[in-house]
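Listed here are the chains, written in short residue letters.
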Amino acid sequence: MKAQFPKSALLFLLLVGCTLAACSGGDSHDSAGHGDAHHHETPEKQTRISREMVDAYGIETRHVGAGTIREQQLLHGRIRVNAEGVRTVAARFPGTVRDVEVRLGQWVEAGQRLARIESSESLQIYSLSAPIAGVVTRRTVNPGELAGEQALFEIVDTRQVWAEFDVFPSSRTRLEPGQRVQVAAAGGGMTGEGELDYLASIAAEHTQAMVVRVVLDNAQGQWLPGQFVSGRVVTGEVEAVVVV
């Protein structure tokens, strides 16, 4: 079996060769001043890379020029339910549940009827409606059961979600509301962008981490609460004379 030469070591040797060639590639003159007027580079001072090596190791060449160097901070966190889009629904008057018209996990529109309840006092039947559009994430009652003060339904509007990241105080100083954050699902695939909407001012007692939050559009339902994500935010920019 042939030993494999590490890719990193090969690239290092290529760079060293290019550097030595560049350093020795200028005009040379002897101590007596009898150097040639026109110096020509000898083949020994040139470094050549074959097309096969370029293709095998993914070597690229780029133009050098002025540009902007961006300092980025990498964040790690999870997708959370937008707490501002959560509603619980309880009976207005205690009574017996006559029928339930929605299932767990069903999407409902604002004003849609969830159940009908017969009041224990007036014996009149009244409807219980959804206060917002969203997904029914909790249903605690069935027809024939008594409805008291407990929550009967929970509805979550999933069209917006939160990406919450934990950062340490030393990193938080470089973050501020309004910064754009590129969010990506762990393992690749889905990506999105949003603004830093919230930065906690109190650190967790045991971990000293502080929560920062990005609001993400989720109209297509691509982000799932509990999903691991990463985020990248530009925290600084520097104009440089030479950028590759």
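This text follows the structure it describes.
Residues numbered from 1 in each chain as written. Predicted model: local features only at pLDDT ≥ 70, side-chain atom pairs only at ≥ 80, totals over all residues. Heavy atoms only, no water.

The subject of this paragraph is the overall build of the protein chain. Scanning the protein chain from N- to C-terminus turns up 3 helices and 14 strands. Each of the 244 residues in the protein chain was classed as buried or not, and the buried ones make up 28%. Here the contacts in the protein chain between residues at least 6 apart in sequence split such that 67% fall between residues at least 24 apart. Accessible area for the protein chain stands at about 16300 Å²; split by element, carbon and sulfur atoms hold 52% of it. (Helix = DSSP H or I, 4+ residues; strand = E, 2+ residues; numbered from the N terminus. Buried < 20%, exposed > 50% of the residue type's maximum accessible area, 1.4 Å probe, protein only. Contact = heavy atoms within 4.5 Å. Areas by Shrake-Rupley, 256 points an atom, 1.4 Å probe, with all protein chains shown as cover.)

Take the environment of Gly 105 next. Assignment of secondary structure puts Gly 105 in the loop between strand 3 (95-100) and strand 4 (107-108). Considered as a pair, Gly 105 and Arg 139 are 34 residues apart in the sequence and their alpha carbons are 9.4 Å apart. Not counting chain neighbours up to four residues away, the residues in contact with Gly 105 comprise Val 135 and Val 136.

For the rest of this paragraph, the subject is the sheet that holds strand 2 (residues 86-90). Strands in a sheet are paired, the pairing made by backbone hydrogen bonds, and the direction either parallel or antiparallel. A sheet is described by the order of its strands in space; here 4 strands give the open sequence 2-9-7-4, paired in antiparallel fashion. Edge positions in the sheet fall to strand 2 and strand 4, since each has one partner strand and no second. Relative to strand 7 (residues 134-139), strand 4 runs antiparallel, the two sharing 2 bridges. Its bridge partner being in strand 7, Val 108 is matched across the sheet by Gly 134. (Pairing = 2+ DSSP bridges.)

Bridging between strand 7 and strand 9 (residues 151-156) involves 4 bridges; their strand directions are antiparallel. When the sheet's bridge partners are listed, Val 135 is paired in strand 9 with Val 156.

Let's shift gears to the packing of aromatic side chains. Tallying each qualifying case throughout the model produces 1 aromatic pair. On the basis of an interplanar angle of 90° and a centroid distance of 5.6 Å, the ring pair of Phe 93 and Tyr 126 is categorised as edge-to-face. On the criterion of sequence distance, the pair formed by Phe 93 in the loop between strand 2 and strand 3 and Tyr 126 in strand 6 (residues 125-129) is long-range, its members being 33 residues apart. The exposure class of Phe 93 is partly exposed, given its relative accessible area of 44%. The exposure class assigned to Tyr 126 is buried, which follows from its relative accessible area of 9%. (Phe/Tyr/Trp six-rings, centres within 6.5 Å; stacked < 30°, edge-to-face > 60°.)

This part is about unusual backbone geometry. Glycine aside, a negative phi is what most residues show, and trans is what most peptide bonds show. The residue Leu 123 is not glycine, and still its phi comes out positive at about 65°. When its relative accessible area of 56% is taken as the criterion, Leu 123 is described as exposed. Here the phi dihedral of Gln 208 falls at roughly 65°; this positive angle occurs in a residue that is not glycine. Among the structural elements, Gln 208 can be located in the loop between strand 12 (191-199) and strand 13 (210-217).

Across the 8 residues that make up strand 10 (residues 160-167), a large majority, 6, are buried. As paired elements, strand 10 and strand 13 share 8 bridges and run antiparallel to each other. Across the sheet, residue Phe 165 finds its bridge partner in strand 13, namely Val 212.

What follows is about the sheet that holds strand 5 (residues 113-119). Spatial strand order, 6-5-3-8: 4 strands in an open sheet with antiparallel pairing. Strands with a single pairing partner mark the edges of an open sheet, and in this sheet they are strand 6 and strand 8 (146-147). Inspection of the sheet shows strand 3 paired to strand 5 by 5 bridges, in the antiparallel sense. When the bridges of strand 5 are listed, Val 97 appears paired with Ile 117.

Attention now moves to the pattern of salt bridges. Applying the stated criterion across every chain, the model contains 8 salt bridges. A salt bridge links Arg 98 to Glu 118, with the nearest nitrogen and oxygen atoms 2.1 Å apart. Separated by 20 residues along the polypeptide, Arg 98 in strand 3 and Glu 118 in strand 5 bring together distant segments of the chain. By relative accessible area, which is 18% here, Glu 118 ends up buried. Two residues, Arg 113 and Glu 101, come together in a salt bridge whose shortest N-O distance is 2.8 Å. With Arg 113 in strand 5 and Glu 101 in the loop between strand 3 and strand 4, this pair connects stretches of sequence that are 12 residues apart. What makes Glu 101 partly exposed here is its relative accessible area of 36%. If you follow the salt bridges from partner to partner, you end up with Arg 80, Glu 164 and Arg 213 in one network. (Salt bridge = Lys/Arg side-chain N within 4 Å of Asp/Glu carboxyl O.)

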